[in-house]
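# Residue-level structural notes
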Amino acid sequence: MRAEGRKVVMLTCYDASFAALLDRAGVDVILVGDSLGNVLQGQTSTLPVTMDHMVYHTECVSRGCQRPFIVTDMPFGSYHEGPAQAMRNAARLMAAGAQMVKIEGGAHVVETVHYLVERGVPVCAHIGLTPQSVNQLGGYRVQGRDEDGAARLRAEALALEQAGAALMVMEMVPAGLAAEITASLRTMATIGIGAGADCDGQVLVLHDMLGVYPGRKARFVRNFMDGAASIEDAVARYAAAVRDGSFPAEEHNY
Ligand SMILES: Nc1nc(=O)c2c([nH]1)NC[C@@H]1CN(c3ccc(C(=O)N[C@@H](CCC(=O)O)C(=O)O)cc3)CN21
Ligand SMILES: CC(C)C(=O)C(=O)O
Ligand SMILES: [Mg+2]
């Protein structure tokens, strides 16, 4: 899709009924996100989410849809010990129905990404705001604002592409920097969340874009239920807005 200049429409999903709805609405990629810790479990971070939770929700999603490509988040602690542990846990997620796994982090996960890709596990990287590191980052805030931070994100993106990651989420990254990083890549497609419209695709948390998450609403969220006739219509409007470049707009960027 990147090669053809077609935007990638990605949304989180955690169960079979919504997976079927996202399939009907034309979503390209479903992310079984560890954000399920927040939106399903009522946790204040993604840190308590376990492999068993991710396996269960991947199985649910996988049974509900046919067409969308399924990516599952590796939860906190499931890949941090290194390549062998990551491979063992990725294999469980792939057996549950994931077609790609997502791993947060930059330089420290490059070796693990390479190890998985060489063994037949497609990998989505995730840089910028990496919520599993919230206790180190000091909050859910924009990343890569100063020149040092920007240089680090640029270098990490290239290293992750080199390691074989096929997709990369950029979360809460200034729009200009995300555009520059996207243009600097040759094979890896970028998916933005709070990273501007010039990424190769976009992702949002389903409960955020439907306005049902009771927690704090980040700047990058738009409620697509406003003016929509149904949930399916809201998801279809999100897909259309990503494809025509009207979402995200300036007001959603950093
Ligand atoms: N429902 C939900 N939506 C998400 O986007 C999401 C999750 N959960 N859980 C995992 C992470 C955590 N994320 C978050 C959480 C909070 C903000 C937030 O409050 N952002 C504020 C800025 C806060 C600050 O600068 O201090 C914003 O206005 O964007 C952003 C991303 C993104 N992910
Ligand atoms: C917000 C996306 C990128 C994510 O990682 C999640 O939903 O867990
Ligand atoms: Mg996640």
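Because the structure is predicted, anything quoted here is derived from the model rather than measured.

### Details of the overall build of the protein chain
Of regular secondary structure, the protein chain possesses 10 helices and 8 strands. In terms of overall dimensions, the protein chain has a C-alpha envelope of 45 × 40 × 40 Å along the principal axes. Here the protein chain holds 254 residues, and the buried ones make up 56% of them. Taking the contacts inside the protein chain whose residues are at least 6 apart along the sequence as the reference set, 61% of them involve residues at least 24 apart. Accessible surface computed for the protein chain: about 10800 Å², of which carbon and sulfur atoms make up 50%. Side-chain charges in the protein chain split into 21 positive and 28 negative, and the spacing between the mean points of these groups amounts to 2 Å.

### Here we look at the site of ligand 1
Around ligand 1 lies a shell of 18 residues, among which Asn38, Glu171, Asp208, Arg219 and Tyr254 are the nearest. Aspartate 208 places a side-chain nitrogen or oxygen 2.6 Å from a nitrogen atom of ligand 1. Contacts to ligand 1 include tyrosine 254, whose side-chain N or O atom sits 2.4 Å from an oxygen atom. Residues that form the shell around ligand 1 fall into these classes: 10 nonpolar, 3 polar and 5 charged.

### A word on helix H7 (residues 147-163)
Taking 1.5 Å per residue, 17 residues should reach 24 Å; H7 reaches 24 Å between its end C-alpha atoms and fits that length. Every buried residue of H7 is accounted for by Gly149, Ala150, Leu153, Glu156, Ala157, Leu160, Glu161 and Ala163. With its buried residues spanning 155 degrees around the axis, H7 presents them on a single face. Looking at H7, the residues exposed on the side facing more than 90 degrees away from the buried face are Glu147, Asp148 and Gln162.

### Structural notes on the site of ligand 2
Residues in contact with ligand 2, as listed here, are Thr12, Leu31, Gly33, Asp34, Ser35, Asp73, Lys102, His126, Val169, Ile193, Val203 and Val205. Here an oxygen atom of ligand 2 sits 2.9 Å away from a polar atom, N or O, in the side chain of aspartate 73. In the complex, 95% of the free accessible area of ligand 2, which totals 260 Å², lies under the protein chains.

### Examining the UniProt feature "binding site: 3-methyl-2-oxobutanoate" (unreviewed entry) in the protein chain
Look at the UniProt record and you will see "binding site: 3-methyl-2-oxobutanoate" (unreviewed entry) annotated at Asp34, Ser35, Asp73 and Lys102. Spanning 69 residues, the named residues form one tight spatial group whose C-alpha atoms are at most 12.5 Å apart. Among the secondary structure elements, aspartate 73 is positioned in strand S3 (residues 69-73). By relative accessible area, which is 3% here, aspartate 73 ends up buried. The contacts of aspartate 73, once residues within four sequence positions are left out, are Leu31, Val32, Gly33, Asp34, Met54, Leu93 and Lys102. Tracing the sequence through the fold places lysine 102 in strand S4 (residues 100-104). The residues contacting lysine 102, other than those within four sequence positions of it, are Leu31, Val71, Thr72, Asp73, Met74, Cys124, Ala125, His126 and Val169.

### Let's talk about the pattern of salt bridges
Counted by the stated rule, this structure contains 12 salt bridges. In this structure, the salt-bridge partner of aspartate 52 is arginine 92, at a minimum N-O distance of 2.8 Å. Residue aspartate 52 is found in helix H3 (residues 51-64), and its partner arginine 92 is found in helix H4 (residues 83-95); the two are separated by 40 residues along the sequence. Owing to a relative accessible area of 37%, arginine 92 belongs among the partly exposed residues under this scheme. Among the salt bridges present, the one from arginine 152 reaches glutamate 156, with a minimum N-O distance of 3.5 Å.

Rules behind the numbers
Residues numbered from 1 in each chain as written. Chains lettered and ligands numbered in written order. Predicted model: local features only at pLDDT ≥ 70, side-chain atom pairs only at ≥ 80, totals over all residues. Heavy atoms only, no water. Helix = DSSP H or I, 4+ residues; strand = E, 2+ residues; numbered from the N terminus. Buried < 20%, exposed > 50% of the residue type's maximum accessible area, 1.4 Å probe, protein only. Contact = heavy atoms within 4.5 Å. Areas by Shrake-Rupley, 256 points an atom, 1.4 Å probe, with all protein chains shown as cover. Lys, Arg positive; Asp, Glu negative; His and termini not counted. Charge placed at Lys NZ, Arg CZ, Asp CG, Glu CD. Near = heavy atom within 4 Å. Polar contact = N/O pair within 3.5 Å; in protein donor to acceptor, adjacent residues only side chain to side chain. Nonpolar A, V, L, I, M, F, W, Y, C, P; charged D, E, K, R; others polar. Expected span 1.5 Å × (residues − 1). Arc of directions from axis to C-beta. UniProt positions renumbered as here; feature names shortened; annotations may be inferred. Salt bridge = Lys/Arg side-chain N within 4 Å of Asp/Glu carboxyl O.

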